[in-house]
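# Chains, contacts and geometry: an overview
These are the residues of each chain, in order.
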Amino acid sequence: MFRKVLFGLLAVAIGLAVAGAGYRFGQYLAHKDAASSTQRATS
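The rules behind each value
- Residues numbered from 1 in each chain as written.
- Predicted model: local features only at pLDDT ≥ 70, side-chain atom pairs only at ≥ 80, totals over all residues.
- Heavy atoms only, no water.
- Helix = DSSP H or I, 4+ residues; strand = E, 2+ residues; numbered from the N terminus.
- Buried < 20%, exposed > 50% of the residue type's maximum accessible area, 1.4 Å probe, protein only.
- Areas by Shrake-Rupley, 256 points an atom, 1.4 Å probe, with all protein chains shown as cover.
- Patch = residues over 30% accessible without salt bridge, like charges linked within 9 Å, V, L, I, M, F, W, Y side chains within 5 Å.
- Salt bridge = Lys/Arg side-chain N within 4 Å of Asp/Glu carboxyl O.

## Considering the overall build of the protein chain
Regarding its fold elements, the protein chain presents 1 helix and 0 strands. Looking at the protein chain as a whole, 0% of its 43 residues are labelled buried. Accessible surface for the protein chain amounts to roughly 4,100 Å². Of this, 72% is attributable to carbon and sulfur atoms.

What follows is the structure, given as structure tokens:
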């Protein structure tokens, strides 16, 4: 039983890490897209 709980907590921690990385990558892409669109508008 203890191993199942430990495995469940590990799975949740991995899921949260992947979701956090995806969120940060999405923010990076949005920032990069916003920067390139303003660069195109001024040139």
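There is more to say, and it comes next.
## Some remarks on a nonpolar patch on the surface
A surface patch of nonpolar side chains, about 440 Å² in accessible area, is lined by Phe7, Leu10, Ile14 and Val18. Within the secondary structure layout, Val18 lies in helix α1 (residues 2–42).

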